[in-house]
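Overview (structure and organization)
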Amino acid sequence: MTKFVEVKDLIIGKGTPKICVPLVGSTISEILEEATSINEFKPDLVEWRADFFHQVEDIAKVKEALNQMREVLIGLPLVFTFRSAREGGEREISPSYYVELNESIIETGMVDLIDVELFNDERIVKNLISLAHANNLYVILSNHDFKQTPSKEEIISRLKRAQALGGDLPKIAVMPQTKADVLTLLDATLTMNEQYADRPIITMSMAAKGVISRLAGEIFGSAVTFGTVGRLSAPGQVDIAELRNVLSLIHKNS
C-alpha cells in the first residue's frame with residue numbers, strides 16, 4: 001500500500017492531487033510580490049525556484065529572501081528547488097556549490113521539502129537526503145527530460161531508483177513529441193503506482209500535449225500537480241483556478 005507524506009496539515013498521496021505553485025521572481029521584491037499573490041489563491045504547496053533568483057550564488061541573500069517570503073507564506077508548505085540548466089532550469093552551478101546551497105537551506109529550518117536532482121553524483125544525492133531527513137525535511141528526488149519521453153520501462157526505472165535512494169517523493173517530468181508519448185507517461189505512472197511504489201510519486205508530461213497528465217493524476221497515480229499564479233516555471237502548467245476546478249470535477253467522479 002502506498003504510504004502518505006504528511007507535511008504540516010497536508011497529506012500528499014491521498015485524494016485529489018495537491019497543487020504546487022512556483023515562485024519564479026528574479027529579485028526579492030518580485031518574489032515577495034508573487035508570494036503575496038499566491039497566498040490569495042491558497043495552493044497546497046509553494047515551490048521556490050531559486051534558480052530564477054539573480055542572487056542565488058550568494059547564500060546570505062538566498063537566506064534573506066527565504067526569511068522574507070516565509071513571513072508572507074505563513075503556514076504553507078514550502079519546497080526549495082534549484083533546477084539546473086541541464087534539467088530545464090535557469091542556470092548551472094558547480095556541484096560543490098549545489099551541495100553547499102542545498103545544505104545551507106536544509107539547515108535553516110525554513111523549508112518543508114527540498115528538491116534534489118536524481119542525476120547528480122550518487123554520493124551527493126545520498127548525503128543531501130540524509131541531511132534533509134535529519135532535519136525533518138522531505139525530499140522530492142526528481143528528473144526532468146526536456147528533449148523527449150523515454151520508454152515506459154525507463155520512466156519506471158528512474159522512479160524506482162529515486163525510491164530506492166530514499167526520495168520521499170520520486171518525480172519525473174518528460175517532454176512529449178507525440179500524443180502517444182503522453183500515453184507512455186500515463187501508462188508508466190499507473191504501472192509504477194500499482195506495482196512498485198511504496199510512497200507517493202509525481203509525474204507529468206510537459207507542454208500543450210501533456211496537459212492531460214497534469215489533470216488526471218488521481219486516476220493514474222500522480223500525487224502532485226503544478227499550477228500557476230502568473231508566470232510559468234515549466235511549459236504546460238495550468239492556471240490554479242482552472243486546475244482546481246478540473247481536479248475537483250475528476251475527484252467527484254472517480
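If you're wondering where the values come from, they're calculated on a predicted model, not measured in any experiment.

Notes on unusual backbone geometry
In this model, Asn136 sits at a positive phi of 60 degrees, which is unusual for a non-glycine residue. For Asn136, the position within the fold is in the loop between α4 (122–134) and β7 (138–145). The class for Asn136 is exposed, based on a relative accessible area of 70%. One non-glycine residue, Ala207, lies in positive phi territory at about 65 degrees. Mapped onto the secondary structure, Ala207 falls in the loop between β9 (202–205) and α7 (211–215).

Brief notes about the sheet that holds β7
The strands that make up a sheet are held in pairs by hydrogen bonds between backbone atoms, and each pair lies either parallel or antiparallel. With parallel pairing, nine strands are arranged side by side in an open sheet as β9-β8-β7-β6-β5-β4-β3-β10-β11. Looking at strand neighbours, the two that pair on one side only are β9 and β11 (238–239), the edges of this open sheet. For strand β6 (residues 113–117) and β7, the ladder comprises five bridges, and the chain directions are parallel. Residue pairing for β7: Ile114 is matched across the bridge by Val139. Sheet strands in contact with helix α1 (residues 28–41) are β3 (18–23) and β4 (45–49), and its direction is about 155 degrees off that of β3. Each of β5 (78–81) and β6 is contacted by helix α3 (residues 95–108), which is oriented at about 165 degrees to β6, the strand it contacts most.

Concerning the UniProt feature "binding site: 3-dehydroquinate" (unreviewed entry) in the chain
The UniProt record annotates "binding site: 3-dehydroquinate" (unreviewed entry) at Glu47, Trp48, Arg49, Arg83, Arg214, Ser233 and Gln237. Position of Arg83 among the secondary structure elements: in the loop between β5 and α3. Ignoring any residue separated from it by four or fewer positions in sequence, one finds Arg83 in contact with Glu47, Arg49, Asp51, Gly88, Gly89, Glu90, Arg91, Asp115, Glu117, Ser142, His144 and Lys171. There is a polar contact of 3.0 Å between the side chain of Arg83 and the side chain of Asp115.

Description of the nonpolar core
If you look at the biggest cluster of nonpolar residues, it comprises 51 residues, and the most contacted ones within it are Leu23, Trp48, Phe80 and Leu101. The dominant element in this core, judged by the number of residues it contributes, is α3, at six residues. With sequence-adjacent residues up to four places away left out, Leu101 is seen in contact with Val56, Ile59, Val62, Phe80, Phe82 and Ile93. Listed in part, the 19 residues of the second largest apolar core include Cys20, Ile140, Val224 and Phe226.

Side note on the side chain of Ser84
Topologically, Ser84 is positioned in the loop between β5 and α3. Once residues lying within four places of it in the same chain are set aside, the contact partners of Ser84 are Gly89, Arg91, Glu92 and Glu117.

Details of the environment of His54
You can see His54 is positioned in the loop between β4 and α2 (59–72). Expressed as a C-alpha distance, the spacing of His54 and Ala162, which sit 108 residues apart in the sequence, is 30 Å. Discounting chain neighbours no more than four positions away, the residues touching His54 are Ser26 and Arg91.

Conventions used here
Residues numbered from 1 in each chain as written. Predicted model: local features only at pLDDT ≥ 70, side-chain atom pairs only at ≥ 80, totals over all residues. Heavy atoms only, no water. Helix = DSSP H or I, 4+ residues; strand = E, 2+ residues; numbered from the N terminus. Buried < 20%, exposed > 50% of the residue type's maximum accessible area, 1.4 Å probe, protein only. Pairing = 2+ DSSP bridges. Contact = heavy atoms within 4.5 Å. Axes fitted to C-alpha atoms, helices over the stretch in contact; angles between N-to-C directions. UniProt positions renumbered as here; feature names shortened; annotations may be inferred. Polar contact = N/O pair within 3.5 Å; in protein donor to acceptor, adjacent residues only side chain to side chain. Core = buried A, V, L, I, M, F, W, Y, C linked by side-chain atoms within 4.5 Å.

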